Amino acid sequence: MSSRNCEFCKIQSGEYNTEFLFEDHRVVAFKDINPQAPVHILIIPRDHFDSLKQINDEALIGHLFTAAKTVAEKLGLTDHRLVINTGPQAGQSVFHLHLHLLGGRYLGWPPG
Ligand code: AMP
Ligand code: ZN
């Protein structure tokens, strides 16, 4: 299930030879191109979902979080933040579901 003009579908397919920090049959993780923190990784499902609103597969949702946890451990991040922006007003700019893993600096709260 991929969307032809979706950059993240192309990334997960290996079309751009992106380095994956984690990959398995359902998800991949790679560095954000415009990092907002010393560590900024995106974790995405291989299948295309426009946003969190389109996904009902609880196992896959759980798998994304587990993958994020694995990446955080692999990078030695003790403190970190996971973010899913849903919809333009919440800052979503790429419409292929992704989980941001941020860390490596103090992260203020509330976010902007
Ligand atoms: P969001 O604004 O939550 O939709 O997040 C989209 C994120 O994807 C932003 O942080 C972008 O910097 C990042 N991004 C966009 N295109 C790419 C790309 N080709 N490779 C890696 N990260 C990307
Ligand atoms: Zn996609």
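Rules used throughout
Residues numbered from 1 in each chain as written. Chains lettered and ligands numbered in written order. Predicted model: local features only at pLDDT ≥ 70, side-chain atom pairs only at ≥ 80, totals over all residues. Heavy atoms only, no water. Buried < 20%, exposed > 50% of the residue type's maximum accessible area, 1.4 Å probe, protein only. Helix = DSSP H or I, 4+ residues; strand = E, 2+ residues; numbered from the N terminus. Pairing = 2+ DSSP bridges. Salt bridge = Lys/Arg side-chain N within 4 Å of Asp/Glu carboxyl O. Phe/Tyr/Trp six-rings, centres within 6.5 Å; stacked < 30°, edge-to-face > 60°. Donors = N, O, S within 2.8 Å, 3.2 Å for Na, K, Ca; no water. Tetrahedral: all angles 85-135°; square planar, octahedral: opposite > 155°, others 65-115°. Core = buried A, V, L, I, M, F, W, Y, C linked by side-chain atoms within 4.5 Å. Contact = heavy atoms within 4.5 Å. Near = heavy atom within 4 Å. Polar contact = N/O pair within 3.5 Å; in protein donor to acceptor, adjacent residues only side chain to side chain. Nonpolar A, V, L, I, M, F, W, Y, C, P; charged D, E, K, R; others polar.

Some details on the pairing of strand E5 (residues 99-103)
Part 1 of the argument: In terms of residue burial, E5 counts as a mostly covered element, since 5 of its 5 residues are buried.
Part 2 of the argument: Of the two faces of E5, the one holding Leu 99, Leu 101 and Gly 103 and the one holding His 100 and Leu 102 are both buried throughout.
Part 3 of the argument: Strand direction decides the pairing type here: strand E3 (residues 39-45) and E5, joined by 5 bridges, are antiparallel. Looking at E5, one finds that Leu 42 is bridged to His 100.

Side note on the pattern of salt bridges
Part 1 of the argument: A full pass over the atoms with the stated rule returns 3 salt bridges.
Part 2 of the argument: Between Lys 69 and Glu 73 there is a salt bridge; the shortest N-O distance is 3.7 Å. Separated by 4 residues within a single helix, Lys 69 and Glu 73 lie in helix H2 (residues 58-74), roughly one turn from each other.

Some words on the packing of aromatic side chains
Part 1 of the argument: The final tally for this structure, using the stated rule, is 1 aromatic pair.
Part 2 of the argument: Plain terms: the ring middles of Phe 8 and Phe 30 are 5.5 Å apart, the flat faces sit at 85° to each other, and that makes the pair edge-to-face. Placement of Phe 8 in helix H1 (residues 7-13) and of Phe 30 in strand E2 (residues 27-31) is noted, with a sequence separation of 22 residues between them. With respect to class, Phe 8 is no different from Phe 30; both count as buried.

Observations regarding the coordination of the zinc ion (ligand 2)
Part 1 of the argument: The zinc ion (ligand 2) binds to the protein through Cys 6 (SG), Cys 9 (SG), His 48 (ND1) and His 96 (ND1); the donor distances cover 2.0 to 2.3 Å.
Part 2 of the argument: Classification of the site at the zinc ion (ligand 2) rests on its 4 donor atoms, whose angles at the metal span 105 to 115°, yielding the label tetrahedral.

A closer look at the nonpolar core
Part 1 of the argument: Formed by 18 residues in total, the largest nonpolar core has its most connected members in Ile 41, Ile 43, Leu 64 and Leu 101.
Part 2 of the argument: Going through the elements one at a time, E2, E3, H2 and E5 are the ones with two or more residues in this core.
Part 3 of the argument: Considering each element in turn, this core owes the most residues, 6 residues, to H2.
Part 4 of the argument: Residue contacts for Leu 64: discarding those within four places in its chain leaves Val 27, Ile 43, Ile 44, Pro 45, Leu 97 and Leu 99.
Part 5 of the argument: If you look at the next biggest cluster of nonpolar residues, it comprises 9 residues, including Cys 6, Phe 30, Leu 42 and Ile 44.

Some words on the site of ligand 1
Part 1 of the argument: Asp 32, Asn 85, Gly 91, Ser 93 and His 100 are the nearest of the 15 residues found near ligand 1.
Part 2 of the argument: Between ligand 1 and the protein, one listed contact pairs an oxygen atom with a backbone N or O atom of Ser 93 at 2.7 Å.
Part 3 of the argument: Contact between ligand 1 and His 98: an oxygen atom at 2.9 Å from a side-chain N or O atom of the residue.
Part 4 of the argument: Counting only elements with at least two residues in the shell around ligand 1, the list comes to H1 and E2.
Part 5 of the argument: For the shell around ligand 1, the residue count by class is 6 nonpolar, 7 polar and 2 charged.

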